[in-house]
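Chain by chain, the residues run as shown.
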There are 2 protein chains.
Amino acid sequence: MAEPVSKTLALSGGVGGAKLCLGLASELAGPDLDILVNTGDDFEHLGLPIWPDIDTLLYTLSGRANQVQGWGIEGETWNFMEALETLGGETWFRLGDRDLATHTWRSQALREGRHASDIVASLASTMGIEAAVYPMSDDPVRTQVHSDEGDLPFQHYFVRRQCEPEVTGFSFEGITSARPNQTVLRTLQQGGYRRVVICPSNPYVSIDPILQVPGVWTALRDAVAPVIVVSPIVAGLAIKGPAAKMMSELAVPVTALGVAEHYQRRYPGLVDYFVIDESDATLAPEIEALGIRVEIAPTIMKDLQHKMTLARHCLALEAM
Amino acid sequence: MAEPVSKTLALSGGVGGAKLCLGLASELAGPDLDILVNTGDDFEHLGLPIWPDIDTLLYTLSGRANQVQGWGIEGETWNFMEALETLGGETWFRLGDRDLATHTWRSQALREGRHASDIVASLASTMGIEAAVYPMSDDPVRTQVHSDEGDLPFQHYFVRRQCEPEVTGFSFEGITSARPNQTVLRTLQQGGYRRVVICPSNPYVSIDPILQVPGVWTALRDAVAPVIVVSPIVAGLAIKGPAAKMMSELAVPVTALGVAEHYQRRYPGLVDYFVIDESDATLAPEIEALGIRVEIAPTIMKDLQHKMTLARHCLALEAM
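Residues numbered from 1 in each chain as written. Chains lettered and ligands numbered in written order. Predicted model: local features only at pLDDT ≥ 70, side-chain atom pairs only at ≥ 80, totals over all residues. Heavy atoms only, no water.

Chain A is annotated in an unreviewed UniProt entry as 2-phospho-L-lactate transferase from Halioglobus japonicus.

This is how it looks when you write it as structure tokens:
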């Protein structure tokens, strides 16, 4: 008799997604959680490879994340940044002293010719993370934000310009030739996942890049495993980041329904379950009218208990 | 009538040389001191350009140097290094959080295509240094230490192996095609220096590379300006670093005389004055027998007063 399938695949961007991933990691045995992470936010800065979503995942899952700040490392120090400022260096993207070690270590690994997935696996292992963390692709993909100020590389829009420009759309440089992570794709194609959880990350700049790596979204659609989306919009607000502002600028309703419509229009037949917050319960009929089952749950994750509760809600959903 | 020549040129390696340079800088007006610095110790580490002698000069002249440790920055922190260690990165060469900003800033400047001399000038200016600090060449020169363990890049010998291997000689990769600093060479050729001070730096690995950049030592020899060497060996000991150990391994007498003989044999006619410590006064006749005038002075520089006193001794020496 074949072993029962117990693995969960999570798709995640940075902070919001990492919260649910921590909940999932707390509920599942290490080998039962694979996480496929957006790399469209990656960029080169001061000569170093900065991979913000990957690092947020690693720092969160290993208990290193700064809880108050929402990014970076707990107990971080800023002496490098301070010294760089006195030299007139670029300081708009804040690199902490400890965080810098991750980028420097990675930079050397890349120079040695190692692949992104191999590098992430080493970092995760060194940090004692049991879940498998995979970059969506070993090939570079770079999110460009189209805006009223022209095309901006993602971190320039997000950090340097503090999301102020009005967005008109997005593109992902390099995506048409990016190869998906082979381990995840193979596991998907072999029916090795019991469910797929799309974390409450930004649909446009965190999840779309992952889904648009050639072969990914269709493999997810064709798998028996149900695809469960957790809405990043609650009561018309983005819990974290610029999702609500982007939706508004794109003239999309800033609601969980707007998110569901985005996924259903762009990836027809992909989503099986849509998890919305209790405060959005009245949206359920309209989302179900799209052909998506709705699960109502407390989706705001203020502490580990909330993360675990939401994870349990997702893990209770089965293939129909 | 021509303006009187008032500029002093100092040749320097790292710590020992920087001490006398600080003394000279305290005695001279900013525009009256040029410093030509060894770059043979430079290397690439963790993807960053590390220029130890240049940085020691900059940190010393700008008052940033760590007085107790003898290298690096006062009040330095080590969180980057600590984090890198937990990731299994290379930690044999200690890079402090603040020091890292210098290397990172420089790395970016090099990527922008800027020359070493331009980069050093910017750093010196940002740090408020009035003396002109010049790398001996804009072209890379890399000191190799020949030893009983084979050929070792300088920092591997010096830091990683703590000077333990027994040396048999030295070579300077790239030196035959290295172009000397043009500003210093032109000033020399135009008679723009009143004196040249060779600081009490290691003759083999700090001063030899500078002198052996094509055109440098002959221009120094041919200039009217007297060349004054301050002995790095006092009472048979090197004040700082492995000079004494090297001389002993090379079967050279570990005395100020041994240093004088090294310069006279390798660069005949270069040295006009040799400054030895009071404790070595008995060596004066033998050094003078080489055709070099001897000046006796207190050469151990424990504090700024000692540095300034030794500087004044050097500055009092005139062309014969």
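Draft legend 1. Layout of helix α5 (residues 116–126) of chain A. Residues and elements named next belong to chain A. By the burial criterion, the buried members of α5 are Ala116, Ile119, Val120, Ser122, Leu123 and Ala124. At its buried positions, α5 is contacted by α2 (52–61), α4 (97–111) and β5 (132–135). Within two residues after α5, Gly128 carries a phi angle of roughly 75 degrees, on the positive side. (Buried < 20%, exposed > 50% of the residue type's maximum accessible area, 1.4 Å probe, protein only. Helix = DSSP H or I, 4+ residues; strand = E, 2+ residues; numbered from the N terminus. Contact = heavy atoms within 4.5 Å.)

Draft legend 2. Main features of the pairing of strand β10 (residues 227–230) of chain B. Residues and elements named next belong to chain B. Taking every second residue as pointing to the same face, both faces of β10 are buried, with Val227 and Val229 on one and Ile228 and Val230 on the other. Pairing analysis gives three bridges linking strand β9 (residues 193–198) to β10, with the strands arranged parallel. The residue of β10 that forms the bridge with Val196 is Val227. (Pairing = 2+ DSSP bridges.)

Draft legend 3. Representation of the relation of the copies chain A and chain B within the structure. Superposition record for chain A on chain B: RMSD 0.0 Å, screw rotation 180 degrees, translation along axis 0.0 Å. Read as a symmetry element, the transformation amounts to a two-fold axis. Nearest to the rotation axis, the C-alpha of A:Asp97 is located 3.0 Å from it, this being the minimum over chain A. (Least-squares fit on C-alpha atoms with pLDDT ≥ 70 in both.)

Draft legend 4. Here's a closer look at the nonpolar core. By size, the foremost hydrophobic cluster in this structure holds 113 residues, and its most contacted members are A:Leu20 and B:Leu20. In this structure, A:Leu20 is in contact with A:Val197, A:Cys199, A:Pro200, A:Val230, A:Met301, A:Lys307, A:Leu310, A:Ala311 and A:Cys314, ignoring residues within four places of it in sequence. (Core = buried A, V, L, I, M, F, W, Y, C linked by side-chain atoms within 4.5 Å.)

Draft legend 5. Representation of the sheet that holds strand β7 (residues 150–153) of chain B in the model. Residue and element names in this part refer to chain B. Read across the open sheet, the three strands follow the order β7-β6-β8; overall the sheet is antiparallel. If you trace the sheet from one side to the other, it starts and ends with β7 and β8 (167–173), each paired once. Adjacent strand axes in the sheet meet at a mean angle of 25 degrees, parallel and antiparallel pairs treated alike. In this structure, strand β6 (residues 142–147) lies alongside β8, joined through six bridges in antiparallel fashion. Among the inter-strand pairings, Arg142 is bridged to a residue of β8, identified as Glu173. Helix-sheet contacts for helix α8 (residues 203–212) involve β6 and β8, and the interaxial angle to β8 is about 40 degrees. (Axes fitted to C-alpha atoms, helices over the stretch in contact; angles between N-to-C directions.)

Draft legend 6. View of the interface of chain A and chain B. Residue-level contacts link 26 residues of chain A with 26 residues of chain B. When chain A packs against chain B, the two sides together hide about 2,200 Å² of surface, and 61% of this comes from carbon and sulfur. Looking at the side of chain A facing chain B, the largest losses of area belong to A:Asn79, A:Leu87 and A:Arg98, adding up to 25% of the total buried there. For the interface between chain A and chain B, the tally reads two salt bridges. The partner of B:Arg98 in a salt bridge is A:Glu82, with the nearest N and O atoms 3.1 Å apart. Remark: the boundary between chain A and chain B carries 10 residue pairs in polar contact (both at pLDDT 80 or more). Of all elements in the fold, only α3 (79–86), α4 and α5 of chain A reach the threshold of two or more residues within the side of chain A that touches chain B. (Buried area = accessible area lost by both parts, 1.4 Å probe. Salt bridge = Lys/Arg side-chain N within 4 Å of Asp/Glu carboxyl O. Polar contact = N/O pair within 3.5 Å; in protein donor to acceptor, adjacent residues only side chain to side chain.)

Draft legend 7. How the structure looks around the environment of B:His306. Residue and element names in this part refer to chain B. Relative to the elements of secondary structure, His306 occurs in helix α13 (residues 304–315). In this structure His306 comes out as partly exposed when scored by relative accessible area, which is 31%. Taking the C-alpha atoms as reference, His306 lies 26 Å from Met247; in sequence the two are 59 residues apart. Dropping the residues within four chain positions of it, His306 is found in contact with Ile300 and Met301.

Draft legend 8. Spotlight on the packing of α4(A) against helix α3 (residues 79–86) of chain B. With their axes 7 Å apart at the nearest point, α4(A) and α3(B) run at an angle of 50 degrees to one another. Here α4(A) is positioned oblique relative to α3(B), judged by the angle of their axes. Note that α4(A) runs across α3(B); the crossing there is right-handed. In contact with A:Asp97, A:Arg98, A:Leu100, A:Ala101, A:Thr104 and A:Trp105 of α4(A), α3(B) contributes B:Asn79, B:Phe80, B:Glu82, B:Ala83 and B:Leu84. (Parallel < 35°, antiparallel > 145°, perpendicular 65-115°, else oblique. Left-handed = near helix turned anticlockwise from the far one by under 90°.)

Draft legend 9. Local environment of the packing of aromatic side chains. In the structure shown here, the tally under the stated rule is 16 aromatic pairs over all chains. Look at A:Phe43 and A:Trp92: their rings are 6.1 Å apart centre to centre, the planes differ by 40 degrees, and that puts the pair in the tilted class. Residue A:Phe43 is found in strand β3 (residues 43–45), and its partner A:Trp92 is found in the loop between α3 and α4; the two are separated by 49 residues along the sequence. The pair A:Phe43 / A:Trp92 is uniform in exposure class, with both members buried. With a centroid separation of 6.3 Å and an interplanar angle of 40 degrees, the aromatic rings of B:Tyr263 and B:Tyr267 are classed as tilted. B:Tyr263 sits in the buried class, given a relative accessible area of 1%. (Phe/Tyr/Trp six-rings, centres within 6.5 Å; stacked < 30°, edge-to-face > 60°.)

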